[in-house]
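A structural walkthrough
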Amino acid sequence: MTDLRFRGAVAPLRRAAQPLPRSVDAVVARLRPEEPLHCLRPATIAGAAQAFRAAFPGHVLYAVKCNPEPAVLRALWEGGVRHFDCASLGEVRLVRSMFPEAAIHFMHPVKARGAIREAWTRHGVRDFVLDSAAELAKILEETAGGDARRGLVVRIALPKGSAMYDLSGKFGAAHADAVALLRAARPHAAKLGVSFHVGSQCLEPAAYARAIALAGAVIREAGVPVEVLDVGGGYPVAYPEITPPPLSAFTTAIAIAVAEQGLGALELWAEPGRALVAGGASVVIQVQQRRDGTLYVNDGVYGALSDAGVPGFRFPVRLLRGSSADLAPFAFFGPTCDSADYMKGPFLLPADVQEGDWIEVGQLGAYGASLRTAFNGFDRAGIVEVADAPLLETPGYGIAAAA
Ligand SMILES: *Cc1c(COP(=O)(O)O)cnc(C)c1O
């Protein structure tokens, strides 16, 4: 086995060697990039983190999978985030290497034994999520002797919800199983919790209230003391023609449900991903060919635009040159040879858009860079930091970009 070597398949985002201007237009004028250029807005990310922390009455755990770029993690730290929701050993190692003080929570319900062991012994991870008796046994074995320090969080299943990205199918213990797991875990936990995930880009505050009611029922039936209620991620951001309820509608719904369920004494956790970072990055793409209403561009569903493919997200777009032409709807083809590398949009751009033009695609800080692949050799992309405001503002985040 010593000959076996593991390597990542995706080229790291490349940074420019010299200092660059701090606006998207000026950077693109200077670099004239033929590969996708990720434009990071650290001030926007720090502002969103501050706004979320101010609105949410508990610990804010950033869901690292959403965007693990170190500059993004630094901006979140700048915005006061000290807790990180990690799902893999790679994420645990990354966060620990950057922030010796961070509280890391291992929130994947099915973990490799070696990952649990290394997280526990080497990285000071104390909290582990589970949704099965098998995983509870695995955690107890790999963290043996840790009853007085261990945090155990039971993830409960939710019925299929209304979120744009449903997450109900894969994880979560059914009601009776969750009750049994809380009882079984109690003697082995310094801190016991219940968690759920309503699904990503959830536009309905009542979804959190319904999930909290389910958590309350499980906790009452278990009849054991529980210290933590983790209301998960899912908080939505703005996309073209989607203006979500303000963040306060979600935090209010959560606070009311917590009080109604008699859970006010519990420590509250949230696991936002998208809401903290979506506005914090855009990607500048270039048009390589135009065929009527379809643009062949240099990034696509195997790159940072995965969610524009089958999930059908429409992202805000902006042509990076002046044009007096009326807006027209366009679809995109990405650069790979797969005909599934298609983004139907519609993306509204000036009707005279042509080969060589640059287009800025916004709201890609969440699930953009993190979903890139190396398919077909199109894995190179650059990254710059800019001070521009995001292409779309999400209500409730009071984002003050230092533009
Ligand atoms: C992906 C994920 C999150 C973050 O979800 P968002 O919709 O980005 O807020 C939080 N918790 C868990 C367990 C997840 O899998």
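All values derive from a computational prediction rather than experimental measurement.

Reports often express the size of an interface as the amount of accessible area lost when the parts come together. Here the chain is partitioned into domain 1 (14-40 + 278-385) and domain 2 (42-276). Using C-alpha coordinates to define each centre, domain 1 is positioned 32 Å away from domain 2. In this assembly, 18 residues from domain 1 lie in contact with 21 residues from domain 2. Across the domain 1/domain 2 interface, buried area totals approximately 1700 Å², and carbon plus sulfur atoms make up 61% of it.

On to the environment of Leu295. Turning to its location among the elements, Leu295 is positioned in strand E12 (residues 294-297). Classification of Leu295 as buried rests on a relative accessible area of 0%.

Closest axis-to-axis distance for the helix H8 (residues 205-222)/helix H9 (residues 247-260) pair is 8 Å, and the angle between their directions is 20 degrees. Here H9 runs roughly parallel to H8, going by the angle between their axes. Both H8 and H9 take part in a crossing whose hand is right-handed. Counted together, Pro205, Tyr208, Ala209 and Ile212 of H8 and Ala249, Phe250, Ala253, Ile254, Ala257 and Val258 of H9 form the full contact between these two elements. Grouping the amino acids of the contact of H8 with H9 by side-chain chemistry returns 10 nonpolar, no polar and no charged.

Here we come to the site of the ligand. The local shell around the ligand holds 13 residues, among which Lys65, Ser200, Gly234, Glu271 and Tyr367 are the closest. Contacts to the ligand include Asp85, whose side-chain N or O atom sits 3.2 Å from a nitrogen atom. Between His197 and the ligand, the recorded distance is 3.1 Å, taken from a side-chain N or O atom to an oxygen atom. The fraction of the free accessible surface of the ligand (390 Å²) that becomes covered by protein chains is 90%. Considering only residue class, the shell around the ligand consists of 3 nonpolar, 5 polar and 5 charged.

Moving on to the packing of helix H7 (residues 175-185) against H8. For the pair H7 and H8, interaxial distance at closest approach is 9 Å and the crossing angle is 50 degrees. The angle between H7 and H8 places the two elements in the oblique class. The way H7 lies across H8 gives a crossing that is right-handed. Between H7 and H8, the residues in contact are His175, Ala178, Val179, Leu182 and Arg183 and Ala217, Val218, Ile219, Glu221 and Ala222, respectively. For the contact of H7 with H8, a count of residues per class yields 7 nonpolar, 1 polar and 2 charged.

Let's shift gears to the environment of Pro245. Note that Pro245 resides in the loop between strand E9 (228-230) and H9. With relative accessibility at 24%, the residue Pro245 sits in the partly exposed group. Sequence separation of Pro245 and Pro311 is 66 residues, and the distance between their C-alpha atoms is 21 Å. The residues touching Pro245, leaving out its near neighbours within four places in the chain, are Leu203, Pro205 and Phe250.

Let us now look at the pattern of salt bridges. Scanning the entire structure with this criterion turns up 20 salt bridges. Glu267 is the partner of Lys191 in a salt bridge, and the nearest nitrogen-oxygen pair spans 3.3 Å. One end of the pair, Lys191, is in strand E8 (residues 191-195); the other, Glu267, is in strand E10 (residues 267-270), and 76 residues separate them in sequence. The shortest N-O distance in the salt bridge between Arg318 and Glu360 comes to 2.9 Å. Linking Arg318 in strand E13 (residues 317-319) with Glu360 in strand E16 (residues 358-361), this pair joins segments that are 42 residues apart in sequence. For Arg318, a relative accessible area of 27% puts it in the partly exposed group.

What counts and how
- Residues numbered from 1 in each chain as written.
- Predicted model: local features only at pLDDT ≥ 70, side-chain atom pairs only at ≥ 80, totals over all residues.
- Heavy atoms only, no water.
- Domains from an automatic or database assignment.
- Contact = heavy atoms within 4.5 Å.
- Buried area = accessible area lost by both parts, 1.4 Å probe.
- Helix = DSSP H or I, 4+ residues; strand = E, 2+ residues; numbered from the N terminus.
- Buried < 20%, exposed > 50% of the residue type's maximum accessible area, 1.4 Å probe, protein only.
- Axes fitted to C-alpha atoms, helices over the stretch in contact; angles between N-to-C directions.
- Parallel < 35°, antiparallel > 145°, perpendicular 65-115°, else oblique.
- Left-handed = near helix turned anticlockwise from the far one by under 90°.
- Nonpolar A, V, L, I, M, F, W, Y, C, P; charged D, E, K, R; others polar.
- Near = heavy atom within 4 Å.
- Polar contact = N/O pair within 3.5 Å; in protein donor to acceptor, adjacent residues only side chain to side chain.
- Areas by Shrake-Rupley, 256 points an atom, 1.4 Å probe, with all protein chains shown as cover.
- Salt bridge = Lys/Arg side-chain N within 4 Å of Asp/Glu carboxyl O.

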